[in-house]
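The residues making up each chain are set out below.
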Amino acid sequence: MEKYLTKRKIPDSSEASNVDFSKHSRVEINLPDLPSDPGMRTRILDYDPNVQDGVRRAYLLKGPCQPKSHEFPYTLFGKKPRIFNVAWFNVKEYSTWLEYSGHKEKLNQHVGGFKSVHNQAWSKCKDLLNNKQRVDVAFAKHSTQSSIDYDIRLDASIDCIRFPLRQGLAFRGHDESETSDNRGNFIELLHFLADHNQSIKDVTFNNAPLNLKLTSPDIQKDIVHATAIETTKLIINDIGESFFSLLVDESRDISIKEQMSVVLRYVDVEGRVIERFLGIEHVPNTTAVTLKETLNNLFSRHGLSISSLRGQGYDGASNMKGELGGLKTLILNENASAYYIHCFAHQLQLTLVAVAKNNSKIVSLFVLLTNVVNVVGGSYKRLDRLREQQASKVIEALGLGEIISGRGLNQETSLIKPGDTRWGSHYGTLISMITLFPSVLDVLEIIAEDGATPEQKCEADMLINSLQTFDFIFSLHFMKKLLGITNELSQALQRKGQDIVNAMNLVRICKMQLQNLRDSGWDSMLTQTTLFCKKHEIEVCNMDAMFLLPGRSQRKYPKMTNLHYYRVELFYDVIDLQRTELESRFSETGTKLLLFMVCLNPNNSFAAFDKNKLIQLARLYPNDFLDMDLEILNDQVETYILDMLNSSEFLNLNGIGDLAQKMVETKRDKVFSMVYLLIKLALTLLVSTATVERSFSAMQIVKNRIRNKMGDQWMNDNLVAYIEKEVFADVANQDISNMFDKMKTRRRP
């Protein structure tokens, strides 16, 4: 049987004469050109069955079918004419035309009653012209409604998924059956939404097709994956063709799987410094080669290139920053402009660790503090005793007028456990120990008397004896002072979007404070320690007496006074270790970069501006500044600084970040394009990996003890939406829906 070309449009009855109904045909049929003369037309039964109704409908809309050369009515004498009966849809032979000519009653007889053949044929004719009763129209209408219901159902599922994603909550419940009281966050949210929206209620749960409810765990994962793809796509589009810097760190999750977190830092079109979480990747090991291969795969998936890198930032681990085979070196071999700057915030923390390892007294101090915290905070009962003792001390001090009362003063506190991986936690431990010192001694005395075991009593006695020594008190106050200097710097460097200039200023201030402490801080430190010892009835060491080291033979230990030991061997030594560690963390190239970039600082009316250093800075980026560009920059810099100094809106800026945004706002980034490129490079260069650390904190929330079996892809998708809430909020449901449909072959209505 011959087939015909397909035309998908389903016309209204008024359009039937102008549309080709020839569905599935290879030969087009132009319905308006169908012959009207019954003697010239093709029989309807000769058409393909798929188009016969369309042809019938076209003839019905044409009106009476008659020869073009005659006027109606016409007569054919002497033979039996073949008359096309439009109501009957076939050829009917009559004996003679004259039999009906002029006799209306004969026509009435032909029409007949309600169930006559003529009226049945006419009823079918009207049904055929009624577009709403057509099978194909009804099927199309049903399909359209099913598609609308599907869109409503999918949109509702996406809305319900947004909430647990933003809050880092689990999706599934322990029992998701219909008889369960708690079917999990997603199902319960969808129920809540359906109860408050009738249009959603009409198409979800029991009102949805059994195989298209869009609530299964696989559907949830696919929607979340589509969400992560669209969120990351917005980040990649925001970067565009600009260069960026890389922040990488690795850590273990709750299931003891090694995860590598990747964050990108760039400057957007408005001149703002942006740090975005790109993803977290499971790595089988933490060798530099494995990390580099994983990074290449991640960049390839997102359409990024190593050639666009202009900076690297790691936490100081050897597999990251190693000079021979570290990740830093592997990237520099491909892109010499991807300069490495050690993470400033980690730098301070690692400096403290280095100090603790290189000076035995500092090691002893923190070991003793850890033991005290473990013993005193070993149970809730002991912590309650500590709070009670401290409360009584505060009341007594208030009565004697030693302290004053007021809002926010004398808050309830407790001992803080030190940790090498928590910035500032050592400083907090020292502060709490000094504040709670008498209360800690009281609790230790209670344990020494009423301990449950002899071991506990002995340990408490040893701690009391160790705490009530001048050596411990001096080390305690000295490290509290030392860490207090670096604490503000460490906290400031952990702020998101910190720039190079401010970081260098903070480091410079920190070095100055350390030098001042070394030069003129000894007397005040000794006085502070002495007063504390006298207050708590601790024997003060005679600085002119010979130093006696407990447990050591005097013949094997060099003779020195207490003054020499505490001032030179401890005070000066630890400060010098700090200063040396700070100095050693910067490579020669890194130091040049930082010093050159300070020249862009707009503070104090661009007081740090130096044309020659800016030209040298540009030479460090041969991929961005060609020889011709350097000549242009040489001329442009002079005009730039004159314009800045004579423009009032540029006189009160704070840092390069404000300068970049103001240049974009005033269109100066187009006028001084080469200078603005230098500013972007300075802002892109990394000074802190705090954003990476925050991603690991988020990982502990998303993949917690209860959700410890999360797969790598499922965890990454959750983290992208959870960490980048701001970007995720800009992702439209329609974009997620489109990506969801493209991910797999789905039977969408």
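Model, not experiment: these values are computed from the prediction.

### What to know about the overall build of the protein chain
Regarding its fold elements, the protein chain presents 31 helices and 6 strands. Here the contacts in the protein chain between residues at least 6 apart in sequence split such that 67% fall between residues at least 24 apart. Counting only carbon and sulfur atoms, one obtains 50% of the accessible surface of the protein chain, whose full area is about 39,600 Å².

### Details of the pairing of strand E3 (residues 244-252)
Burial runs high along E3: 7 of the 9 residues are buried. Where E3 and strand E6 (residues 309-313) come together, 3 bridges link them in parallel fashion. Directly across from Leu-246, in E6, lies its bridge partner Gln-312. Note: E3 against strand E4 (residues 258-267), 8 bridges, orientation antiparallel. Each residue of the ladder has a partner; that of Leu-246, found in E4, is Leu-264. From the end of E3 to the start of E4, which pair antiparallel, there are 5 residues, and Ile-256 there has a positive phi angle of about 60°.

### Some points on the side chain of Arg-707
Looking at the element boundaries, Arg-707 is found in the loop between helix H28 (690-702) and helix H29 (712-723). Buried charge Arg-707 goes without a salt bridge, the closest partner of opposite sign being Asp-717 at 11 Å. Setting aside chain neighbours within four positions, we find Arg-707 in contact with Gly-168, Leu-169, Ala-170, Phe-171, Val-702, Trp-714 and Asn-718.

### Digging into helix H31 (residues 733-743)
Every buried residue of H31 is accounted for by Asn-733, Ile-736, Ser-737, Met-739 and Phe-740. Viewed along the axis of H31, the buried residues span an arc of 165°, placing them on a single side of the element. Residues of H31 that are exposed and point more than 90 degrees away from the buried face comprise Gln-734 and Lys-742.

### A closer look at the sheet that holds E6
Read from one edge to the other, the open sheet built from 4 strands follows the order E5-E4-E3-E6, with strand pairing classed as mixed. Lying at the two open borders of the sheet, with one neighbouring strand each, are strand E5 (273-282) and E6. Ignoring which end each strand starts from, the neighbouring axes of this sheet average 25° apart. Bridge count between E4 and E5: 9 bridges; the pairing is antiparallel. If you follow Val-262 over to E5, its bridge partner there is Gly-279.

### Some details on the packing of helix H8 (residues 288-301) against helix H10 (residues 327-334)
Interhelical geometry of H8 versus H10 gives an angle of 50° and a closest axis separation of 8 Å. One way to sum up the angle between H8 and H10 is to call them oblique. Crossing of H8 over H10 shows right-handed handedness. Residues Ala-288, Val-289, Leu-291, Lys-292 and Leu-295 of H8 form the contact with H10, whose own contacting residues are Leu-327, Leu-330, Ile-331 and Glu-334. Its residues placed into classes, the contact of H8 with H10 shows 7 nonpolar, no polar and 2 charged.

### Comments concerning the pattern of salt bridges
Throughout the structure, instances matching the rule amount to 21 salt bridges. Salt-bridge contacts for Glu-176 lead to Arg-172; the nearest nitrogen and oxygen are separated by 3.9 Å. The closest approach of N and O atoms between Lys-662 and Glu-665, which form a salt bridge, is 3.7 Å. In this pair, Lys-662 and Glu-665 both sit in helix H25 (residues 655-665), 3 residues apart, roughly one turn of the helix.

### A short note on unusual backbone geometry
Backbone geometry places Glu-537, a non-glycine residue, at a positive phi of 60°. Mapped onto the elements of the fold, Glu-537 is located in the loop between helix H19 (522-535) and helix H20 (562-584). Since its relative accessible area comes to 75%, Glu-537 is described here as exposed.

### Some thoughts on the state of the cysteines
A full pass over the atoms with the stated rule returns 0 disulfides. Here Cys-541 stays free of any disulfide, with the sulfur of Cys-533 as its closest cysteine sulfur at 9.5 Å.

### Some details on the confidence of the model for the protein chain
Confidence along the protein chain averages 79 in pLDDT terms, with 74% of residues attaining 70 or more. Throughout residues 1-27 the model reports pLDDT below 50, and contacts reaching past four residues in sequence, or to other chains, amount to 72 contacts. Confidence drops under pLDDT 50 across residues 68-100; counting only partners more than four residues distant or on other chains, this segment forms 38 contacts.

### So, the nonpolar core
Most often, soluble globular proteins keep nonpolar side chains buried together rather than apart. Leu-467, Phe-472 and Met-479 are the most contacted members of the largest nonpolar core, which has 55 residues in total. Elements that contribute at least two residues to this core include exactly helix H12 (360-376), helix H14 (425-435), helix H15 (437-450), helix H16 (454-467), helix H17 (470-493), helix H18 (500-520), H19 and H20. Here the element with the most residues in this core is H17; it accounts for 11 residues. Beyond its immediate sequence surroundings of up to four residues, Leu-467 is in contact with Leu-368, Val-372, Met-433, Phe-437, Val-440, Leu-441, Leu-444, Phe-472, Ile-473 and Ile-538.

### What to know about helix H24 (residues 627-645)
When the terminal C-alpha atoms of H24 are compared, their 28 Å separation across 19 residues agrees well with the 27 Å that a helix rising 1.5 Å per residue should span. The axis of H24 is deflected most strongly, by about 30°, at Gln-636. For H24, the set of buried residues is Asp-629, Leu-630, Leu-633, Gln-636, Val-637, Tyr-640, Ile-641 and Met-644.

### A word on the side chain of Gln-259
Following the sequence through the fold, Gln-259 ends up in strand E4. With a relative accessible area of 1%, Gln-259 lands in the buried category. Each residue touching Gln-259, except ones within four places of it in the same chain, is listed here: Asp-249, Glu-250, Ser-251, Asp-253, Ile-280, Glu-281, His-282, Phe-696, Met-699, Asp-712 and Met-715.

### Some remarks on the packing of H28 against H29
The contact between H28 and H29 brings their axes to 10 Å, and the two run at 120°. Of the two elements, H28 crosses H29, and the hand of that crossing is right-handed. Where H28 abuts H29, its residues Ser-695, Ala-698, Met-699, Ile-701 and Val-702 lie against Met-715, Asn-718, Leu-719, Tyr-722 and Ile-723. Per-class residue counts for the contact of H28 with H29 are 8 nonpolar, 2 polar and no charged.

### Remarks on the pairing of E5
Across the 10 residues that make up E5, a large majority, 9, are buried. Where E4 folds back onto E5 in an antiparallel hairpin, the turn is made up of 5 residues, including Gly-271, whose phi is positive at roughly 85°.

### So, the packing of aromatic side chains
A full pass over the atoms with the stated rule returns 17 aromatic pairs. Ring geometry for Phe-547 against Tyr-565: centres 3.9 Å apart, planes inclined by 15°, an arrangement best described as stacked. Here Phe-547 is found in the loop between H19 and H20, whereas its partner Tyr-565 is found in helix H20, with 18 residues between them in sequence. The structure contains a cluster of three or more aromatic residues connected by ring pairs, namely Phe-470, Phe-474, Phe-478, Trp-522, Phe-547, Tyr-565, Tyr-566, Phe-571 and Tyr-572. Lying over the aromatic face of Tyr-572, Arg-518 brings its terminal NZ or CZ to 4.5 Å of the ring centre. A cation over a ring is seen here: Lys-725 above Tyr-722, with NZ or CZ 3.7 Å from the ring centre.

Scoring rules and cut-offs
Residues numbered from 1 in each chain as written. Predicted model: local features only at pLDDT ≥ 70, side-chain atom pairs only at ≥ 80, totals over all residues. Heavy atoms only, no water. Helix = DSSP H or I, 4+ residues; strand = E, 2+ residues; numbered from the N terminus. Contact = heavy atoms within 4.5 Å. Areas by Shrake-Rupley, 256 points an atom, 1.4 Å probe, with all protein chains shown as cover. Buried < 20%, exposed > 50% of the residue type's maximum accessible area, 1.4 Å probe, protein only. Pairing = 2+ DSSP bridges. Lys, Arg positive; Asp, Glu negative; His and termini not counted. Salt bridge = Lys/Arg side-chain N within 4 Å of Asp/Glu carboxyl O. Arc of directions from axis to C-beta. Axes fitted to C-alpha atoms, helices over the stretch in contact; angles between N-to-C directions. Parallel < 35°, antiparallel > 145°, perpendicular 65-115°, else oblique. Left-handed = near helix turned anticlockwise from the far one by under 90°. Nonpolar A, V, L, I, M, F, W, Y, C, P; charged D, E, K, R; others polar. Disulfide = S-S within 2.5 Å. pLDDT = per-residue confidence, 0-100. Core = buried A, V, L, I, M, F, W, Y, C linked by side-chain atoms within 4.5 Å. Expected span 1.5 Å × (residues − 1). Bend = angle between axes of the 7 residues up to and from the residue. Phe/Tyr/Trp six-rings, centres within 6.5 Å; stacked < 30°, edge-to-face > 60°. Lys NZ or Arg CZ within 6 Å of the ring centre and 35° of its normal.

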